[in-house]
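Observations on the three-dimensional arrangement
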Amino acid sequence: MSQNVPKMMFDKIWDAHRVKALGDRYDLIYIDRHMMHELATDRAFAQIKEQGYPVRRADLTVATHDHVVSTALDRHDQSIPSSSKYIQRLRDNAEENRIKLFGLGDREQGIVHVVAPEQGIALPGTTLVCGDSHTCTVGGLGALSWGIGTSEVAHVLATQTLVQSRPRTMRITCNGMLQRGVSAKDLILHIIGALGADAGEGYAIEYAGSAVRELAIEGRLTLCNLSIELGARMGQVAPDDTTYDYLMGRPYAPAGELWEHALSKWQSLSSDEGAVADREESIDVAALEPQITWGTSPALVGSIAGAVPDPGAASDAVTRRGMEKALEYMGLEPGTEFENIPIDNVFIGSCTNSRLSDLHAAAAMIGDRKVADGVRAMVVPGSTEVRAQAEAEGLHKTFLNAGFEWRQAGCSMCVGINDDQVASGKRCVSTSNRNFEHRQGTGARTHLASPATAAASALTGHITDPRRLVQ
């Protein structure tokens, strides 16, 4: 691509990291940062060991415990006996290969996509990968980040590179301003519902427009987090002063002269004026309301003031059958108003919505109210650092006084492979990213929502528009 042709942000970062063009849209890409968690990494380490490769850049690799750890207050390695081997294997592999590990007793420990930006490991213009599909989250800082499989994890460990097919570019411009009570989570759920769960397949997405520029970094991270639910492996927001203010002073961020040098580079990353993406989409957010999912895909979503749709109104037989199957699993009838649906659980956490601003939004909704009878409500901070900051501000007292469980950092109920699960047939309003069948436990019924909506629903015992409870 000629230097005289205006470039999208994605193209600038990709081209700067291309080691070699391999043909047919495939390139060998240099990887700046590699994040790891417990699952599947043991096989990757075993693979390179069998082949006689050392870890090429241990100094660019960081590991953390998150997916299979208990979030109980008294947790330890053996809290979940079936998971203890994964915890120990990651610890052993990190020690053997001199990789930095954020262990269970460390303040830096937490969900991989929370600690990467929080610690300043993810930076604008860098390439960052992890063996987890929601690695797209840290694109909210202007990084180019994506999830990879186990064999790719081994390739990065051995070579610090990856062979990748170059995606095309999509820009989603969000015009207008979000109303009070409407969050980044509502925005991205609306985008997925409007464009479809496969709209981003084969694309790297850039989120732009006035509504995106007004988001704090943690909102941008939420926006990019669900890019994978839109079908894209990569989501990005251009860095700006909001980004630089967030990163300054972070433990792994540049400092001193290195900061000034990095800043000059970061300021040139935005898409050039006149650059056009391969696909351009525009969303008007001025009238957007809080969103709630009703089915078994994030794309099955609607405004919380609405009702469960009728499959009979579907445009084709395939869509109709998909809606019918989703409603059967969810135990819902067409025409039921969303706010009349009773719930059993509320989960505030996950790499989507477990940062300090998310806890602020939930706590502000709660005030001095109490969780409704019969509802199990839990708050799981995204990192031990977030937990400590929340406790320093007294947020935990708000949650505990209301009847929420206040737990340790980890993936928790988002993924359903640890000891935090929703019982079969029970209904949960969750701030996580996936409402697939059995995602939060066998037979669990999940409604995705923002932290404010989740907190409001915990207080009433049914799905609730948070704007109704604003004092």
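The coordinates are above.
Computed from a prediction, not measured in an experiment: that's the story for all the values here. (Residues numbered from 1 in each chain as written. Predicted model: local features only at pLDDT ≥ 70, side-chain atom pairs only at ≥ 80, totals over all residues. Heavy atoms only, no water.)

1. Section: the packing of helix H12 (residues 356–366) against helix H14 (residues 395–402)
When two helices pack together, their arrangement is captured by the angle between the axes and the distance separating the axes. Running from N to C, H12 and H14 point in directions that differ by 45°, and their axes come no closer than 10 Å. Our classification of the angle between H12 and H14 gives oblique. Where H12 crosses over H14, the handedness of that crossing is left-handed. On the side of H12, the interface is formed by Leu 356, Leu 359, His 360, Ala 362, Ala 363 and Ile 366, while H14 contributes Leu 395, Thr 398, Phe 399 and Ala 402. Of the residues assigned to the contact of H12 with H14, the class counts are 8 nonpolar, 2 polar and no charged. (Axes fitted to C-alpha atoms, helices over the stretch in contact; angles between N-to-C directions. Helix = DSSP H or I, 4+ residues; strand = E, 2+ residues; numbered from the N terminus. Parallel < 35°, antiparallel > 145°, perpendicular 65-115°, else oblique. Left-handed = near helix turned anticlockwise from the far one by under 90°. Contact = heavy atoms within 4.5 Å. Nonpolar A, V, L, I, M, F, W, Y, C, P; charged D, E, K, R; others polar.)

2. Some points on the packing of helix H2 (residues 41–50) against helix H5 (residues 150–159)
Running from amino to carboxyl end, H2 crosses H5 at an angle of 50°, the nearest separation of the two axes being 8 Å. It follows from the interaxial angle that H2 and H5 lie oblique. Our pair here, H2 against H5, has a crossing hand that is right-handed. Contacts between H2 and H5 involve Arg 43, Ala 44, Phe 45, Gln 47 and Ile 48 from the first element and Thr 150, Ser 151, Val 153, Ala 154, Leu 157 and Ala 158 from the second. Of the residues belonging to the contact of H2 with H5, the class tally is 7 nonpolar, 3 polar and 1 charged.

3. Some points on the layout of surface pockets
Space inside the largest pocket adds up to approximately 650 Å³. Together, 30 residues line the largest pocket, and Gly 181, Val 182, Ser 183, Ala 361 and Ala 452 are the ones closest to its centre. When residues of the lining of the largest pocket are traced back to their parent elements, those giving at least two are helix H6 (184–195), helix H8 (217–225), H12 and helix H15 (451–460). Per-element accounting of the lining of the largest pocket gives the leading share, 5 residues, to H12. Residues belonging to the lining of the largest pocket are distributed by class as follows: 13 nonpolar, 10 polar and 7 charged. (1 Å grid on protein atoms, 1.4 Å probe; cavity = no way out; pocket = protein on both sides within 12 Å on 5 of 7 lines; lining within 4 Å. Points joined across faces, edges and corners; volume = space filled by probe spheres on them.)

4. Quick notes on empty space enclosed by the protein
In the structure shown here, the tally under the stated rule is 3 cavities of 30 Å³ or more. Put simply, the largest cavity is a space of about 40 Å³. In terms of lining, the largest cavity is formed by Met 8, Met 9, Phe 10, Thr 169, Met 170, Ala 204, Ile 205, Glu 206 and Gln 236. Secondary structure elements with two or more residues in the lining of the largest cavity: helix H1 (9–16), strand E9 (168–175) and strand E10 (203–208). With 3 residues, E10 is the single largest residue contributor to the lining of the largest cavity.

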